[in-house]
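Here's the letter readout for the chains.
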There are 4 protein chains.
Amino acid sequence: MDFASDNTAGASQPILASVLATNEGAAPAYGQDSLTAKAGRLLEDVFERKIASFLVNTGTAANALALGAISPPFGAIFCHMQAHVMEDECGAPEMFTGGAKLIGIAGRAGKIAPADFKSVLADFPRGLEKQVQPAALSLSQVTESGTIYTCMELAELTALAHDAGLMVHMDGARFANALVSLQCTPAEMSWKAGIDVLSFGATKNGALACEAVIFFDPLKAAGLPFQRKRSGHTLSKGRFLGAQMAAYLENGHWLDLAVRANDQARRLARGLTKIPGVRMPWPCEANEVFAILPGAIDAALKAGGALYYPWKFRDGSHDCPPPAKDEVFVRLVTSYATLPSDVDGFMTLAMTAGRERI
Amino acid sequence: MDFASDNTAGASQPILASVLATNEGAAPAYGQDSLTAKAGRLLEDVFERKIASFLVNTGTAANALALGAISPPFGAIFCHMQAHVMEDECGAPEMFTGGAKLIGIAGRAGKIAPADFKSVLADFPRGLEKQVQPAALSLSQVTESGTIYTCMELAELTALAHDAGLMVHMDGARFANALVSLQCTPAEMSWKAGIDVLSFGATKNGALACEAVIFFDPLKAAGLPFQRKRSGHTLSKGRFLGAQMAAYLENGHWLDLAVRANDQARRLARGLTKIPGVRMPWPCEANEVFAILPGAIDAALKAGGALYYPWKFRDGSHDCPPPAKDEVFVRLVTSYATLPSDVDGFMTLAMTAGRERI
Amino acid sequence: MDFASDNTAGASQPILASVLATNEGAAPAYGQDSLTAKAGRLLEDVFERKIASFLVNTGTAANALALGAISPPFGAIFCHMQAHVMEDECGAPEMFTGGAKLIGIAGRAGKIAPADFKSVLADFPRGLEKQVQPAALSLSQVTESGTIYTCMELAELTALAHDAGLMVHMDGARFANALVSLQCTPAEMSWKAGIDVLSFGATKNGALACEAVIFFDPLKAAGLPFQRKRSGHTLSKGRFLGAQMAAYLENGHWLDLAVRANDQARRLARGLTKIPGVRMPWPCEANEVFAILPGAIDAALKAGGALYYPWKFRDGSHDCPPPAKDEVFVRLVTSYATLPSDVDGFMTLAMTAGRERI
Amino acid sequence: MDFASDNTAGASQPILASVLATNEGAAPAYGQDSLTAKAGRLLEDVFERKIASFLVNTGTAANALALGAISPPFGAIFCHMQAHVMEDECGAPEMFTGGAKLIGIAGRAGKIAPADFKSVLADFPRGLEKQVQPAALSLSQVTESGTIYTCMELAELTALAHDAGLMVHMDGARFANALVSLQCTPAEMSWKAGIDVLSFGATKNGALACEAVIFFDPLKAAGLPFQRKRSGHTLSKGRFLGAQMAAYLENGHWLDLAVRANDQARRLARGLTKIPGVRMPWPCEANEVFAILPGAIDAALKAGGALYYPWKFRDGSHDCPPPAKDEVFVRLVTSYATLPSDVDGFMTLAMTAGRERI
């Protein structure tokens, strides 16, 4: 019953098998191997166009390299106030851009509202020397609140950004989970919606450690090979990254994995709504469930061995009242490896405790 | 017959098996898992003292994080002119230090002579505002020329550095190959010889992608967790790094791997010395052989399928005359995966071509 | 009638005379001259203790060098949301710290409330790897809203900072204006109140271009000479900086200048309160007056040749309702060079227009 | 008899008078004043074309801002081994480029030979990920050895650079001294010879503290206003920079000043050649004289009150044998303020000591 995060699981069998298979014999180093090439082709198939793609080990590296490519040191990068790039990467975007400024925008349920983005943009007139210059918009899909932008919403935000001369980055650490939820194509949820650069995550969805930075306009990627190298992210035995990404994409494996994760999250959410006293500030739209639990239920779950993290409740970003003194706000994350029995076990504990409460 | 590099091989079976074994079940993320803890303990056993160790994916990351911890942005970092940190990392040390300056020191066979270091140090008087300030010495063990510093030589250089207030870093991408060649203890070749921070490589010697940054004085490592995170080098599923390093160290596996690589290099070197017309500018001291080959031999080897890279001959760093017009200067690298039959095949091709030449 | 800023005035006569006087003959370069030494001694007299002081040309340089000395690249620097370092320096602190993050704290009248600082600090637990680490608090005295912290308020904030292991910087671009308003000693308003590093401004108060970075603990300044040099802020003909600062401090000249500026601001504020329809969101505590003017008065003032800038009204930071449609929010700044007749002329225009309005 | 440097003199009377004159009344801040505009127009007149110019206080700032605009963080900047940007700016280019690498090229008399530049360029093949990428060539005119490139020599080097896709910077801290020596036009010695960005110095030649960064293609300067601001180099009372540069350029004042400095240097050089035992490794081509003095002469000069610095003799960069044990290698610099009587006094001391020696 581990709902702590989707990175506490290992790798899926097909991905692990691919790593094993590629281990035999010699292969050119530094990403010049055939598996990395294959991964690049598969990514182009998936996104239905020519791209420039770069494999790295972590989402933070993918995000920071992406932002470093689209913002000068004196740039302003707009993102949600609670975005991963803002709060959880210890200043990686600042390091890779040479000191750009992230401007956090408040917004309900982890999402930036177009009107708010417009108004914040207005505070940064271009050309005013004393201010950092608007350079990029970074959107998280899935958001930090487990919610999802529709393709229309993405398009509206990216249009505002492009009109103001900004490039748009998508932090797609959970790209697959959003995609199977929206039931659209990868192209529709990225470049067709105005995304310029994408951090395409695989780690949380079944890889060992593999993400791709994807430039839909390959010309913008001219400096990336060098920035990747000098930041220490060009793997010596690059075939192991290629092997992961190729297996991830082949035969729709990545979508299957995401469907599994999302299904269990939905079951969890559905179950929780039935328990009196449990409230959910946001809808469950991908593989995360956020819930305010009565303290007694929380205690029973923990006593029963369930793992999950408390979450921070911030005023103004939820549609429900804050947790009371005897309540706990928590995040529950499912992964491809979450079993129906994990959810069942969790629900049994919660329901029993819920019943006793009354 | 792949002698291109020691990173064209895959991972050793025990290391791969360890990765497989750790895949089962859930584990805490970001290096809080038990295997990473075990790797840390094994490293302390190996080095016979308390250390602070940090696992990362690449040698460039290890070097750059290490140097970033011991040099301010206005620092001077002294290293051999052909050091990996100087020539092969696309400016990673500059990025991680915030712009420090690497000062290349010339030296025979890839090694810095104490007298030369002393004289270069004299050019950088402390406190002169217009000059970067001496901060660190970085030594490569094995060097870029495949040679090795003795523990005495290391001690002499580190004493000069310490006397001048510098910290000393060792780029140990091939630490194991040097160690089994010197037949000393890891402690003797590192902190007992005055090394303060070590990039301890495993990738080239049988891991998939795993290196450790090791601080012998843990207090110096206070900023490392944050610098690792913000440079994107804190792995989400950190257990996979722990699994590699633990398997690498257990039961002396790492030493066995290095012995294998060195043995084949020695066989290669011994064979080459017997071929008329072949010259070797430096002794083979670890798992690399540098040779000047007659063009005809080079052609026959390539035609026969041998893989290796040409190398750059630089005046003043060799004990033999430069390659003539019809000669080629090459580097041959063996790894734990090099088979005796690879070396035999190579030698047969070379000897046949050598005989025909006469 | 120039109330645009206190940097639209030239230099005071004694300061200009000092520059002229030092022009004769040769003097050692790069701040090794006798006038720079004298300025250093005078600063020690003024602050009643040993300090390390560094003269530079701009307030942005002073602030950025100071913050760069007390925050690592992975640091969090707390400041008011509208602080100059946050909004008006185009990312200079980010550049000089190597990418630290500025955390803006909301607060009425440009001031940070201790309770708010405490609560924001609580959001940045030390040691959490994914977060930038609390490193510094930067306080502006005079604030961006023209208000002033009392010495007690400063002490309360710096105590919170020190308890949490942070260093405290004061942006004293208008240090003199605050000082003569508080009628305390420079020591009381700085190190005795817990300030560790001070940007001590002279430019806005009568110099041509001269500020000092002051470290009350000289040991913290070890890197400053080199950071100043490599940021291009070590003046070749340094005597011209020394000449300005020495003349600024001698015989209390700097205090006289500030008294003049503050006096005219107070007259301006007093006059404005008497005009019906004029509202002032904050008290005038130094040399700045912020006012909401009826549109007709604003128009008449501009037509009459008065110069000043509109200001941005932000909800939650004022004690009065926002400007209505026919009102304008403006900032009026006086300087040592503002003449009583400037204020009189301004008031006559305003009062006439105010009367006509009714 | 101060020959220590050309920055030990004060400012020329016309420049000082201009600063005084502009002090009256109010003027827009941050370089929006009329004098800065005038300086910009005068620079365009002088260089006979549209340019983008930015005034700053120091040569280090000018050089670093210029290089930051033409090299990415992963760039290689080629310059002479003893160039000011390499040895005397404490890593400013590294700071402003975000960590680019300066590649020093050896060369006689402070000059880079085209053949050497070509050969060094060949060591940096474009696109090799592990290497920094060739981005810029920086040439010093006057060089650190007091010598001058002819316009033909400049054109040859810039053509090589441009053919390899590099931009070319000129460090013209002593631009005027070189110009009056070559007797060509400013355009001929800069953009007509292939220079893309110029640090145009005035400080050493009679200003208080004023240099211009000049982009001959204004489009390349898009980021400069922001980089200048965030590095703290946008002066608040910008009129004082405008006043200096305008007076410097008006009526050919700058050329008169340089002629004076060069004349005295030539007299000094001519005099020294007549003293037995004095050798000069390089010709005197601008306002610097480098000489190897017999110890007795050196001692007599110092005893007589002459000021100058010892210089470093580096093998391979001179056309004469190194100083013997009883000889001293020194640099003598003249400025616009050097009086014929200073030179006469110096020569008398030297000749007397020279005669006694024999």
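Residues numbered from 1 in each chain as written. Chains lettered and ligands numbered in written order. Predicted model: local features only at pLDDT ≥ 70, side-chain atom pairs only at ≥ 80, totals over all residues.

**Considerations on the relation of the copies chain C and chain A**
Item 1. Aligned on chain A, chain C shows an RMSD of 0.0 Å; the corresponding rotation is 180° and the shift along the axis is 0.0 Å. Such a combination of rotation and displacement between the chain copies is what one expects of a two-fold axis. When C-alpha distances to the rotation axis are compared across chain C, the minimum falls at G99(C), with a value of 2.2 Å. (Least-squares fit on C-alpha atoms with pLDDT ≥ 70 in both.)

**A few points about the domain arrangement of chain A**
How big an interface is tends to be stated in terms of the accessible area lost upon association of its parts.
All names here are of chain A.
Item 1. Annotation of chain A at the domain level lists domain 1 (13–253) and domain 2 (258–357).
Item 2. Look at where the C-alpha atoms of domain 1 and domain 2 centre, and you get two points 29 Å apart.
Item 3. Contacts between domain 1 and domain 2 engage 17 residues on the former and 17 residues on the latter.
Item 4. Among the residues forming the side of domain 1 that touches domain 2, the class breakdown is 8 nonpolar, 7 polar and 2 charged. (Domains from an automatic or database assignment. Contact = placed C-beta atoms within 7 Å. Nonpolar A, V, L, I, M, F, W, Y, C, P; charged D, E, K, R; others polar.)

**With respect to helix α2 (residues 34–47) of chain C**
Residues and elements named next belong to chain C.
Item 1. An ideal rise of 1.5 Å per residue puts 20 Å on 14 residues; α2 measures up with 20 Å between its terminal C-alpha atoms.
Item 2. Looking at α2, one finds that the buried residues are L35, T36, A39, G40, L43, V46 and F47. Buried residues along α2 cover an arc of 150° about the axis, so they all sit on one side.
Item 3. Looking at the packing, one finds that the buried side of α2 touches α1 (13–22), β1 (52–56), β7 (211–215) and α10 (239–249).
Item 4. With its phi angle positive at about 55°, E48 sits one or two positions after the end of α2. (Helix = DSSP H or I, 4+ residues; strand = E, 2+ residues; numbered from the N terminus. Expected span 1.5 Å × (residues − 1). Buried ≥ 20, exposed ≤ 12 C-beta atoms within 10 Å, placed from the backbone. Arc of directions from axis to C-beta.)

**Some details on the interface of chain C and chain A**
Item 1. Every contact between the two is made by 16 residues of chain C and, on the other side, 16 residues of chain A.
Item 2. For the side of chain C that touches chain A, a count of residues per class yields 6 nonpolar, 3 polar and 7 charged.

**What to know about the sheet that holds strand β4 (residues 133–140) of chain B**
Residues and elements named next belong to chain B.
Item 1. Within the open sheet, the 7 strands sit side by side as β1-β7-β6-β5-β4-β2-β3. Their pairing is mixed. Two strands lie at the open edges of the sheet, namely β1 (52–56) and β3 (101–105), each paired on one side alone. Strand-to-strand, the axes of this sheet are offset by a mean angle of 20°, without reference to chain direction.
Item 2. Contacts between helix α2 (residues 34–47) and the sheet are confined to β1 and β7 (211–215), with β1 contributing the most and set at about 125° to the helix. (Pairing = 2+ DSSP bridges. Axes fitted to C-alpha atoms, helices over the stretch in contact; angles between N-to-C directions.)

**Here we look at the pairing of strand β10 (residues 327–333) of chain A**
Residues and elements named next belong to chain A.
Item 1. Burial within β10 is extensive, with 5 of its 7 residues counted as buried.
Item 2. As defined by bridge partners, strand β8 (residues 288–294) adjoins β10 across 7 bridges and the pair is classed as antiparallel. Bridged to L293 within β10 is V328.
Item 3. Inspection of the sheet shows strand β9 (residues 309–310) paired to β10 by 2 bridges, in the antiparallel sense. If you follow P310 over to β10, its bridge partner there is V330.

**What about the interface of chain B and chain A?**
Item 1. Taken together, the 39 residues of chain B in the interface contact 39 residues of chain A.
Item 2. Counting residues per element, the ones that place at least two in the side of chain B that touches chain A are α1 (13–22), α3 (59–70), α5 (92–97) and α9 (224–230) of chain B.
Item 3. Per-element accounting of the side of chain B that touches chain A gives the leading share, 4 residues, to α3(B).

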